[in-house]
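# Remarks on the overall topology
Chain residues, written in single-letter form:
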Amino acid sequence: MALGLGVARGMLSTLSHLAKKPITIQYPEEQMEMPIWTRGRPRLLFEVDTGELRCTACGACALACPVDVIKIEQHPNPAGKGKVLDRFDIDMAGCIECALCVEACPFRAITMAPDFEMAAYERSTELVFDMYQLRLAGTPEVDAGMEHIQGVKRGLKSQGGAAAPTPAAAKPAGAPAPAAARTAGPVAGQATGATAAATSTSATGNQVADPKAAPAAAVASANVPAPAHVSDANPAGPPPAAAAAAPPTDFDPLTISDEDLAKLPAADRGRVYKARLKAKGVQPPTRP
Amino acid sequence: MTDLLARPASQSNPDADLGDSLTASPGMATASEERDTLITLNMGPQHPSTHGVFRLIMQLQGETVVASTPVMGYLHRSSEKLGEVRTYVQGTVLTDRMDYLSPITTNWAYAMAIERLAGLEVPERAEFLRVLTGELSRISSHLVAIGTFGQDVGMYGTPLLWALREREMILDMLALVAGVRMNPSYVRYGGVARDAPPEFFRKLQEFLDIFSSKIDEYESVLTTNEIFRNRTVGIGLLPPEIAKAYSVTGPILRASGVPYDVRLAEPYSIYNRFDWEVPVRYNGDCFDRYLVRIAEMRQSARILQQALDGIPEGDIRAKLPKVLKPPKGEAYARIEGPKGEIGFYLVSDGTVNPYRYNVRPPSFVNLTCLGQVAIGHKLADAVVILGSFDIVMGEVDR
């Protein structure tokens, strides 16, 4: 081979890629499509119509957990049989998101939602999520994702509810189903379908259980009464601070206050920053 | 055993008298003997070219390596001990974190050991899903190996980013079946954890349609590149006798001319139903190790296409008790991972935990012969040799 020919050939191959479209995703302005059964943070499911957690405090998930991050406290139910759940904490600083708790649960009460943006300043306080912050509405889509994560169910008793669709049925083809998956997660519920998120029951549960906004809102909204639909869904009475933390779904990127901006999901914040730059006449950086 | 220090004339340093150099003390060297002075160089444990926290102590004469000792253990997490205090299903998540570039193959070896221990039968569809995800993992591991190998020889960016581009497609597919991109814990005893959705098969077919041309792309920028060839051809020769003496397995052994592949030598799962070949090269240098990995990716794509066409419907997991308590006994299972033979040795005492949870990690065993292979080469070539060994420190140290 003549000297330099190999180098030239290699460079030619490299240069040919300059004309191709980049495959990079501009996070956080754009977000990946994640299937609804993505193993993110564990969430506790509640029935959509009654608002009651499905968890019976049996402790199977805590036994199955290989890293012992699930802490459960309960007391016997004085008014009947069973147990009453007092405390259900998951320490996300230690959780490895293996989904063994989901597989172990005999009551379809715990699942994993595609939540992954959980950066915090304090490990001991902000990363330990309690049973109110972990609530997630057991909609058919969420149930389908939970069933996929559970895989082959061993010793699973039927709960008598409406049979949840199989993952395949809930996710017919390509684009529409990931959109549903996004609305099920608290992060991007507003990113993909603002109107859908504001009206659907699944979004109600998510807004209630959005834990990222909870610490910020705990100070800001102590006097703000919880919206009506929230208290409907939660007769057990979760902290109103978490309820009021629902980020605004309808906003103008140029007039939004900094307080509201902090509550927005990352994807929307990126849009606001971009719009502000544009208003100032600064072009956001683009790729060639 | 053959003389480990013997090198072909072109590889050894003609000036170095290796026998004297190894015993010479640096403090006693006079000015006239300065070229005989040995320098001890610690490469790592925090070094970008060691692929993790790995330390290589080298004795250098000028720029030539005259002795080298690999030091391991900086990433030790006592996985084997942890496996003994956890139940059989909880032990799976430990296997994810060993070879984290190809966790499914380690899951698989562990699951096979439990199946032999407890006498479990694996359903047909589960075997196909294991082959599909396992071969995808092999491709993804080889992609990282080739991409980072490009970095090691000085081709920054292009090969690695191209390889990661296809690895991204594989990780997306794994996210569809397992729910996560890494640490999937997908292969379980008695089958697989969950069924694959239809999109997985569609995406897999799309991937297989383009993957062959993508391998051609890597080859166009690596195999025919003369800088790459100058850096790798004839570097890091590993004769087959030494490879066997050190129990080296995987692509490194096959690049030395030994056609040993566990999938062929001791067929497991359903590999004997597919039409595929074991790629072998005979020079035993870094370039051949690279070529074997390229050829293995093509063979994996062949197996994937056949498995995708032939996958049946049915159960994905055997009937299992709620808590698995295998009878007393011991079992050893081995499979061919992307880096070599992964072995799992389990001893059961009839309880929910294994009494002994022992791993034979291919990266660890392959790494032991690095000290011999690097001798006689320049310092910069030692980095290339280490890159061609394709180690994962999570597996070496466990």
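Quick caveat: nothing in here was measured; it's all calculated off a predicted structure. (Residues numbered from 1 in each chain as written. Chains lettered and ligands numbered in written order. Predicted model: local features only at pLDDT ≥ 70, side-chain atom pairs only at ≥ 80, totals over all residues. Heavy atoms only, no water.)

End to end, helix α1 (residues 5–16) of chain A covers 16 Å across twelve residues, agreeing with the expected 16 Å (1.5 Å per residue, within 8%). Listed as buried for α1 of chain A are Gly6, Gly10 and Ser13 of chain A. One face of α1 of chain A carries all of its buried residues, which in axial projection span an arc of 60°. Along its buried surface, α1 of chain A packs onto α6 (158–178), α7 (198–221) and α8 (226–232) of chain B. (Helix = DSSP H or I, 4+ residues; strand = E, 2+ residues; numbered from the N terminus. Expected span 1.5 Å × (residues − 1). Buried < 20%, exposed > 50% of the residue type's maximum accessible area, 1.4 Å probe, protein only. Arc of directions from axis to C-beta. Contact = heavy atoms within 4.5 Å.)

Residue and element names in this part refer to chain B. In terms of domain boundaries, chain B breaks down into domain 1 (3–71) and domain 2 (79–396). Placing a centre on the C-alpha atoms of domain 1 and another on those of domain 2 gives a separation of 33 Å. Listed as interface residues are 24 residues of domain 1 and, on the opposing side, 23 residues of domain 2. Here domain 1 packs against domain 2, burying approximately 2100 Å² in sum over the two surfaces, 64% of which is carbon and sulfur. The interface formed by domain 1 and domain 2 contains four residue pairs in polar contact (both at pLDDT 80 or more). Broken down by secondary-structure element, the contributors of at least two residues to the side of domain 1 that touches domain 2 are β1 (38–43), β3 (52–53), β4 (55–61) and β5 (64–71). (Domains from an automatic or database assignment. Buried area = accessible area lost by both parts, 1.4 Å probe. Polar contact = N/O pair within 3.5 Å; in protein donor to acceptor, adjacent residues only side chain to side chain.)

This part is about the environment of serine 141 of chain B. Residue and element names in this part refer to chain B. Take serine 141: it is sitting in helix α5 (residues 124–152). Residue serine 141 is classed as buried on the basis of its relative accessible area, which comes to 0%. When the C-alpha atoms of serine 141 and aspartate 390 are compared, they prove to be 9.0 Å apart, with 249 residues separating the residues in sequence. Filtering out sequence-adjacent residues up to four positions away, serine 141 remains in contact with Leu101, Ser102, Pro338, Lys339 and Asp390.

Grouped together as the largest cluster of nonpolar side chains are 110 residues, with contacts concentrated most on Leu132 and Leu204 of chain B. In terms of residues, this core owes the most to one element, helix α12 (residues 286–310) of chain B, which gives eleven residues. Residue contributions to this core reach at least three from each of two domains, namely domain 1 (3–71) and domain 2 (79–396) of chain B. Cys55, Cys101, Ala137 and Met146 of chain A belong to the second-largest nonpolar core, a separate cluster that totals 36 residues. (Core = buried A, V, L, I, M, F, W, Y, C linked by side-chain atoms within 4.5 Å.)

Before going further, it helps to examine the packing of α6 of chain B against α7 of chain B. Residues and elements named next belong to chain B. For the pair α6 and α7, interaxial distance at closest approach is 11 Å and the crossing angle is 170°. One finds that α6 runs roughly antiparallel with respect to α7. At the point where α6 passes α7, the crossing takes the left-handed sense. Between α6 and α7, the residues in contact are Thr158, Trp162, Ala163, Arg165, Glu166, Met169, Ile170, Asp172, Met173, Leu176 and Val177 and Glu199, Phe200, Lys203, Leu204, Phe207, Ile210, Phe211, Lys214, Glu217, Tyr218 and Val221, respectively. (Axes fitted to C-alpha atoms, helices over the stretch in contact; angles between N-to-C directions. Parallel < 35°, antiparallel > 145°, perpendicular 65-115°, else oblique. Left-handed = near helix turned anticlockwise from the far one by under 90°.)

With that settled, the discussion passes to the sheet that holds β4 of chain B. Residues and elements named next belong to chain B. Reading across from one edge, β1-β4-β5 is the order of the three strands in this open sheet, with antiparallel pairing throughout. Among the strands making up the open sheet, the edge pair consists of β1 and β5. The mean angle between the axes of side-by-side strands here comes to 20°, regardless of whether they run parallel or antiparallel. With six bridges joining them, β1 and β4 adopt antiparallel strand pairing. Residue pairing in the sheet places leucine 38 in a bridge with glutamine 61 of β4. (Pairing = 2+ DSSP bridges.)

This paragraph deals with the packing of aromatic side chains. All names here are of chain B. Across all of its chains, the model carries 14 aromatic pairs over all chains by this definition. Both rings, one in tyrosine 268 and one in tyrosine 271, keep their centres 5.3 Å apart while their planes meet at 70°; by these two values the pair is edge-to-face. For the pair tyrosine 268 and tyrosine 271, one class covers both residues: buried. Counting every residue linked through ring pairs, the aromatic cluster contains Trp108, Tyr268, Tyr271 and Trp276. The cationic tip of arginine 317 hangs over the ring face of tyrosine 189; the distance from NZ or CZ to the ring centre is 5.3 Å. The positively charged end of arginine 398 is found above the aromatic ring belonging to phenylalanine 364, 5.6 Å away from the centroid. (Phe/Tyr/Trp six-rings, centres within 6.5 Å; stacked < 30°, edge-to-face > 60°. Lys NZ or Arg CZ within 6 Å of the ring centre and 35° of its normal.)

The next point concerns the interface of chain A and chain B. On the side of chain B, 39 residues touch chain A, which itself brings 37 residues to the contact. The partner of glutamate 103 of chain A in a salt bridge is arginine 194 of chain B, and the shortest N-O contact between them spans 2.8 Å. Broken down by secondary-structure element, the contributors of at least two residues to the side of chain A that touches chain B are α1, α2 (60–64), α3 (100–104) and α5 (140–150) of chain A. For the side of chain A that touches chain B, the per-class residue count stands at 20 nonpolar, eleven polar and six charged. (Salt bridge = Lys/Arg side-chain N within 4 Å of Asp/Glu carboxyl O. Nonpolar A, V, L, I, M, F, W, Y, C, P; charged D, E, K, R; others polar.)

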